[in-house]
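Structure at a glance
Listed below, chain by chain, are the residues.
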Amino acid sequence: MFGNVSMILKFVIIIIVYLIIFYALKIMYKDVKNPNGAKKRRKKVQQPKGLEVMKNGENKNLKIGGVIPIQGELTIGRRNDNQLVISDKYISSHHATIYLNENEIVLEDLGSTNGTFVNDYRCSGKVRLKDGDIVKIGTVEFKVIA
């Protein structure tokens, strides 16, 4: 009697081992057939929106290649009550504001004396920014990351 039970258990264990091997080979075959399949399964992480410093002018507090995130509203100017303080003689005390509006980045010049430039065009009022736009404020230059 125990011999029959022992024989049945041996067959069950062998079947389980073969099923595990079959399942592992099936997974490896899918990975070999579609090597980018793992990338497709991952959720796309949304890159934060911001301004990358391209030229810092005479500002020691801005590092070239650094990214200033845009979350809500970002005020730019020479005075200390701005969120982004830039000490530059060509920048007004309250120069510009950059903010998010329905997932778009909007730049608003606040009537600055020397102006705000987007892709070498002087802007007045509100301007929608796109990924890769170059924003010049005084001697400082930013690239938009959208």
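Residues numbered from 1 in each chain as written. Predicted model: local features only at pLDDT ≥ 70, side-chain atom pairs only at ≥ 80, totals over all residues. Heavy atoms only, no water.

The protein is annotated in an unreviewed UniProt entry as FHA domain-containing protein of Clostridium collagenovorans DSM 3089.

1. Regarding the pairing of strand E6 (residues 104-109)
The side chains of a regular strand alternate, residue by residue, between the two faces of the sheet. In terms of strand pairing, strand E5 (residues 96-101) meets E6 through six bridges, oriented antiparallel. Directly across from Leu100, in E6, lies its bridge partner Ile105. The antiparallel hairpin formed by E5 and E6 contains two residues in its connecting segment, where Glu102 sits at a positive phi of about 50°. Pairing analysis gives four bridges linking E6 to strand E9 (residues 126-129), with the strands arranged antiparallel. Bridging from a neighbouring strand, Val106 pairs with Arg128 of E9. (Pairing = 2+ DSSP bridges. Helix = DSSP H or I, 4+ residues; strand = E, 2+ residues; numbered from the N terminus.)

2. Side note on the sheet that holds strand E1 (residues 50-55)
Pairing is antiparallel across the open sheet formed by six strands, whose spatial order is E2-E1-E11-E10-E7-E8. With one partner strand each, in any of the chains shown, strand E2 (67-69) and strand E8 (121-123) form the two edges of the open sheet. With strand direction ignored, the average angle separating the axes of adjacent strands in the sheet is 30°. With three bridges connecting them, E1 and E2 associate as antiparallel partners. The partner of Leu51 across the bridge, within E2, is Ile68. (Axes fitted to C-alpha atoms, helices over the stretch in contact; angles between N-to-C directions.)

3. Focus: unusual backbone geometry
Backbone geometry places Asn103, a non-glycine residue, at a positive phi of 70°. Despite not being glycine, Asn119 shows a phi value in the positive range, around 50°. Within the element layout of this structure, Asn119 appears in the loop between strand E7 (116-118) and E8.

4. A few points about the UniProt feature "transmembrane region" (unreviewed entry) in the protein
The sites that carry the UniProt feature "transmembrane region" (unreviewed entry) are, in the present numbering, residues 6-25. Secondary structure content for residues 6-25 is 100% helix and 0% strand, and the end C-alpha separation is 29 Å. (UniProt positions renumbered as here; feature names shortened; annotations may be inferred.)

5. Observations regarding the pattern of salt bridges
On inspection of all chains with the given rule, the structure shows six salt bridges. A salt bridge links Glu141 to Lys55; the nearest nitrogen and oxygen atoms lie 3.8 Å apart. With Glu141 in strand E11 (residues 140-145) and Lys55 in strand E1, this residue pair connects regions lying 86 residues apart in the sequence. For Lys55, a relative accessible area of 46% gives the class partly exposed. (Salt bridge = Lys/Arg side-chain N within 4 Å of Asp/Glu carboxyl O. Buried < 20%, exposed > 50% of the residue type's maximum accessible area, 1.4 Å probe, protein only.)

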